[in-house]
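Observations on chain architecture
As a plain string of letters, each chain reads:
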Amino acid sequence: DGAGSQVGWLDPVASHYYFGPQGLANTAWAFATLRCPHAPLLASIAAAAIRRMPQFAAQNLANTSWAFAKLGVEHGTLFAAISARAIATIGHLDQRVLANTAWSFAWLGLRHDPLLHAIASESLTRFNEGVDDYTHGTLWSIWRSSSADLGDLLRAVQ
(Lines give C-alpha, C1' and ligand atoms only; values in the text may rest on other atoms or scores of the structure.)
Protein backbone atom coordinates (compact mmCIF):
# COMPACT_ATOMS: atom_id res chain seq x y z
CA ASP A 1 0.00 0.00 0.00
CA GLY A 2 1.49 3.29 -1.12
CA ALA A 3 0.49 5.39 1.87
CA GLY A 4 1.80 2.76 4.29
CA SER A 5 5.20 2.69 2.67
CA GLN A 6 5.49 6.45 3.04
CA VAL A 7 5.56 6.16 6.84
CA GLY A 8 8.12 3.39 7.09
CA TRP A 9 10.45 5.82 8.87
CA LEU A 10 7.87 6.23 11.63
CA ASP A 11 8.84 3.19 13.67
CA PRO A 12 5.81 2.04 15.69
CA VAL A 13 7.92 1.53 18.81
CA ALA A 14 9.65 4.91 18.68
CA SER A 15 6.81 7.18 17.52
CA HIS A 16 5.74 7.97 21.09
CA TYR A 17 9.25 9.30 21.77
CA TYR A 18 9.21 11.83 18.95
CA PHE A 19 5.64 13.02 19.08
CA GLY A 20 3.88 14.93 21.83
CA PRO A 21 0.09 14.93 22.22
CA GLN A 22 -0.47 17.40 19.38
CA GLY A 23 1.81 15.47 17.02
CA LEU A 24 0.02 12.23 17.82
CA ALA A 25 -3.42 13.79 17.34
CA ASN A 26 -2.41 15.59 14.13
CA THR A 27 -0.89 12.45 12.64
CA ALA A 28 -3.99 10.41 13.40
CA TRP A 29 -6.17 13.21 11.99
CA ALA A 30 -4.09 13.41 8.79
CA PHE A 31 -4.33 9.67 8.16
CA ALA A 32 -8.08 9.73 8.82
CA THR A 33 -8.52 12.66 6.45
CA LEU A 34 -6.67 10.63 3.80
CA ARG A 35 -8.80 7.59 4.71
CA CYS A 36 -5.64 5.59 5.30
CA PRO A 37 -6.11 3.08 8.15
CA HIS A 38 -2.44 2.20 8.61
CA ALA A 39 -2.84 -0.35 11.41
CA PRO A 40 0.75 -0.38 12.78
CA LEU A 41 0.86 3.42 12.89
CA LEU A 42 -2.55 3.68 14.57
CA ALA A 43 -1.57 1.06 17.14
CA SER A 44 1.57 3.04 17.89
CA ILE A 45 -0.37 6.30 18.14
CA ALA A 46 -2.90 4.68 20.47
CA ALA A 47 -0.20 3.26 22.75
CA ALA A 48 1.64 6.59 22.91
CA ALA A 49 -1.56 8.57 23.40
CA ILE A 50 -2.64 6.39 26.30
CA ARG A 51 0.67 7.01 28.04
CA ARG A 52 0.51 10.76 27.38
CA MET A 53 -3.22 11.25 28.00
CA PRO A 54 -2.70 13.48 31.08
CA GLN A 55 -0.92 15.94 28.75
CA PHE A 56 -3.66 15.96 26.10
CA ALA A 57 -5.34 19.32 25.53
CA ALA A 58 -9.01 19.49 24.57
CA GLN A 59 -8.36 19.65 20.82
CA ASN A 60 -5.99 16.67 21.03
CA LEU A 61 -8.81 14.62 22.59
CA ALA A 62 -11.29 15.60 19.89
CA ASN A 63 -8.88 15.10 16.98
CA THR A 64 -7.65 11.72 18.19
CA SER A 65 -11.11 10.33 18.90
CA TRP A 66 -12.45 11.72 15.61
CA ALA A 67 -9.58 10.20 13.62
CA PHE A 68 -9.98 6.72 15.07
CA ALA A 69 -13.76 6.86 14.65
CA LYS A 70 -13.50 8.14 11.07
CA LEU A 71 -11.28 5.16 10.26
CA GLY A 72 -13.61 2.78 12.11
CA VAL A 73 -10.92 1.79 14.60
CA GLU A 74 -12.47 0.99 17.96
CA HIS A 75 -9.49 0.88 20.30
CA GLY A 76 -11.15 0.25 23.65
CA THR A 77 -8.22 1.22 25.85
CA LEU A 78 -7.62 4.44 23.94
CA PHE A 79 -11.28 5.45 24.07
CA ALA A 80 -11.42 4.66 27.79
CA ALA A 81 -8.43 6.96 28.33
CA ILE A 82 -10.00 9.71 26.19
CA SER A 83 -13.26 9.32 28.11
CA ALA A 84 -11.54 9.60 31.50
CA ARG A 85 -9.52 12.66 30.44
CA ALA A 86 -12.52 14.39 28.88
CA ILE A 87 -14.69 13.75 31.95
CA ALA A 88 -11.97 15.13 34.21
CA THR A 89 -11.76 18.34 32.16
CA ILE A 90 -15.37 18.57 30.92
CA GLY A 91 -15.93 22.11 32.21
CA HIS A 92 -12.97 23.36 30.15
CA LEU A 93 -13.99 21.75 26.85
CA ASP A 94 -15.63 24.01 24.30
CA GLN A 95 -18.79 23.01 22.47
CA ARG A 96 -16.89 21.98 19.34
CA VAL A 97 -14.71 19.56 21.31
CA LEU A 98 -17.77 18.18 23.10
CA ALA A 99 -19.58 17.67 19.79
CA ASN A 100 -16.65 16.08 17.97
CA THR A 101 -15.80 13.78 20.85
CA ALA A 102 -19.44 12.77 21.32
CA TRP A 103 -19.69 12.12 17.57
CA SER A 104 -16.64 9.85 17.73
CA PHE A 105 -18.07 7.71 20.50
CA ALA A 106 -21.51 7.59 18.88
CA TRP A 107 -20.14 6.79 15.41
CA LEU A 108 -18.35 3.75 16.78
CA GLY A 109 -21.46 2.70 18.69
CA LEU A 110 -19.86 3.19 22.12
CA ARG A 111 -23.21 3.55 23.82
CA HIS A 112 -23.76 4.21 27.49
CA ASP A 113 -20.23 5.42 27.96
CA PRO A 114 -19.93 7.67 31.03
CA LEU A 115 -18.50 10.36 28.77
CA LEU A 116 -21.72 10.67 26.77
CA HIS A 117 -23.67 11.18 29.99
CA ALA A 118 -21.16 13.82 31.11
CA ILE A 119 -21.38 15.59 27.74
CA ALA A 120 -25.18 15.56 27.92
CA SER A 121 -25.07 17.05 31.42
CA GLU A 122 -22.53 19.68 30.43
CA SER A 123 -24.53 20.57 27.32
CA LEU A 124 -27.62 21.14 29.45
CA THR A 125 -25.77 23.80 31.43
CA ARG A 126 -24.64 25.51 28.21
CA PHE A 127 -27.96 25.88 26.43
CA ASN A 128 -28.34 29.40 27.78
CA GLU A 129 -25.28 30.30 25.66
CA GLY A 130 -27.25 29.53 22.51
CA VAL A 131 -27.53 26.76 19.95
CA ASP A 132 -25.11 26.38 17.05
CA ASP A 133 -23.97 23.69 14.61
CA TYR A 134 -21.87 22.06 17.30
CA THR A 135 -24.91 21.82 19.55
CA HIS A 136 -26.72 20.00 16.75
CA GLY A 137 -23.79 17.60 16.43
CA THR A 138 -23.90 16.94 20.15
CA LEU A 139 -27.64 16.29 20.01
CA TRP A 140 -27.22 13.84 17.12
CA SER A 141 -24.47 11.99 18.96
CA ILE A 142 -26.49 11.71 22.14
CA TRP A 143 -29.53 10.59 20.14
CA ARG A 144 -27.49 7.89 18.44
CA SER A 145 -26.11 6.71 21.76
CA SER A 146 -28.87 7.15 24.29
CA SER A 147 -32.43 8.34 23.71
CA ALA A 148 -32.95 9.07 27.43
CA ASP A 149 -30.25 11.74 27.44
CA LEU A 150 -31.66 13.27 24.25
CA GLY A 151 -35.08 13.52 25.87
CA ASP A 152 -33.59 15.50 28.75
CA LEU A 153 -31.82 17.83 26.35
CA LEU A 154 -34.90 18.40 24.22
CA ARG A 155 -37.01 19.19 27.28
CA ALA A 156 -34.36 21.71 28.40
CA VAL A 157 -34.48 23.65 25.12
CA GLN A 158 -38.26 23.84 24.94
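Here, every reference points to the structure presented above.
These remarks concern the structure in this document.

**Some thoughts on the packing of helix α4 (residues 39-52) against helix α6 (residues 76-88)**
Contact geometry of α4 with α6 gives a least axis separation of 9 Å together with a crossing angle of 30°. By the angle class used here, α4 and α6 are roughly parallel. Between α4 and α6 the crossing geometry is left-handed. When α4 is examined against α6, the residues A46, A49 and I50 are found in contact with a partner set consisting of T77, L78 and A81. Tallied by class, residues from the contact of α4 with α6 come to five nonpolar, one polar and no charged.

**A few points about helix α5 (residues 58-70)**
Between its terminal C-alpha atoms α5 stretches 18 Å, which fits the 18 Å expected from 13 residues at 1.5 Å a residue. For α5, every residue scored as buried is listed here: N60, L61, A62, N63, T64, S65, A67, F68 and A69. In this fold, the buried residues of α5 make contact with α3 (21-33), α4, α6 and α7 (95-107). Positioned one or two residues after α5, G72 has a phi angle of 70°, which is positive.

Analysis parameters
- Residues numbered from 1 in each chain as written.
- Predicted model: local features only at pLDDT ≥ 70, side-chain atom pairs only at ≥ 80, totals over all residues.
- Heavy atoms only, no water.
- Axes fitted to C-alpha atoms, helices over the stretch in contact; angles between N-to-C directions.
- Helix = DSSP H or I, 4+ residues; strand = E, 2+ residues; numbered from the N terminus.
- Parallel < 35°, antiparallel > 145°, perpendicular 65-115°, else oblique.
- Left-handed = near helix turned anticlockwise from the far one by under 90°.
- Contact = heavy atoms within 4.5 Å.
- Nonpolar A, V, L, I, M, F, W, Y, C, P; charged D, E, K, R; others polar.
- Expected span 1.5 Å × (residues − 1).
- Buried < 20%, exposed > 50% of the residue type's maximum accessible area, 1.4 Å probe, protein only.

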